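Geometric and topological summary
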Amino acid sequence: MEAYQGLAILTTNLKDSLDNAFLRRIRFVVKFPLPDATDRALIWQRIFPKNTPTEALDFRKLARLNVAGGNIRSIALNAAFHAADAKEPVMMKHILQATQSEYIKLERTLTNSEVGGWV
């Protein structure tokens, strides 16, 4: 690491797992906090390309999912696949299905406060 002359960018969600000797060699550490509900609503509003068929998406309700932007992207992409498979526009039911899968990957429990009233 000391011999490398270029720019290297390391990203992790597990900073506590990095060895202290390794961490001392890193010049800058930038922490990106999870987006708040307002930011998550904006991410949801912009996540689907303009030509993606959608129907009755409630961005205020979607913003209740307390996840990072990368998770929102994964949920949106998988919801689009579910909708395409059903030959339907992306709807809340597709996003719920994709969210359930994403939460399994995250080993988190999906709560009624997050998805209550979606469908």
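Our structure is the block above this text.
Heads up: these notes are all about the structure in this document. (Residues numbered from 1 in each chain as written. Predicted model: local features only at pLDDT ≥ 70, side-chain atom pairs only at ≥ 80, totals over all residues. Heavy atoms only, no water.)

Here we look at the pattern of salt bridges
If you walk through the whole model with that rule in mind, you get 4 salt bridges. Among the ionic pairs, Glu 88 bridges to Lys 93, the shortest N-O distance being 3.2 Å. For Glu 88, a relative accessible area of 28% translates into the label partly exposed. Residues Glu 114 and Arg 108 are paired through a salt bridge, measuring 3.8 Å at the closest nitrogen-oxygen approach. (Salt bridge = Lys/Arg side-chain N within 4 Å of Asp/Glu carboxyl O. Buried < 20%, exposed > 50% of the residue type's maximum accessible area, 1.4 Å probe, protein only.)

A few points about the environment of Arg 25
Structurally, Arg 25 is set in the loop between helix H1 (20-24) and helix H2 (37-47). Measuring from C-alpha to C-alpha, the distance between Arg 25 and Arg 46 comes to 37 Å, with 21 residues separating the pair along the chain. Here Ala 21 takes part through its backbone oxygen, which lies 2.6 Å from a polar atom of the side chain of Arg 25. (Helix = DSSP H or I, 4+ residues; strand = E, 2+ residues; numbered from the N terminus. Polar contact = N/O pair within 3.5 Å; in protein donor to acceptor, adjacent residues only side chain to side chain.)

Looking at the packing of H2 against helix H4 (residues 69-85)
Across the interface, H2 lies against H4 with an axial gap of 10 Å and an inter-helix angle of 35 degrees. The interaxial crossing formed by H2 with H4 has right-handed handedness. Between H2 and H4, the contacting residues are Arg 40, Ile 43, Trp 44 and Ile 47 on the first element and Gly 69, Ile 72, Arg 73, Ile 75 and Ala 76 on the second. Across the contact of H2 with H4, the residue classes tally to 6 nonpolar, 1 polar and 2 charged. (Axes fitted to C-alpha atoms, helices over the stretch in contact; angles between N-to-C directions. Left-handed = near helix turned anticlockwise from the far one by under 90°. Contact = heavy atoms within 4.5 Å. Nonpolar A, V, L, I, M, F, W, Y, C, P; charged D, E, K, R; others polar.)

With respect to a nonpolar patch on the surface
Taken together, the side chains of Phe 28, Val 30 and Phe 32 define a hydrophobic patch exposed on the protein surface, amounting to about 430 Å² of accessible area. If you trace the backbone, Phe 28 turns up in the loop between H1 and H2. A relative accessible area of 68% means that Phe 28 is categorised as exposed. (Patch = residues over 30% accessible without salt bridge, like charges linked within 9 Å, V, L, I, M, F, W, Y side chains within 5 Å. Areas by Shrake-Rupley, 256 points an atom, 1.4 Å probe, with all protein chains shown as cover.)

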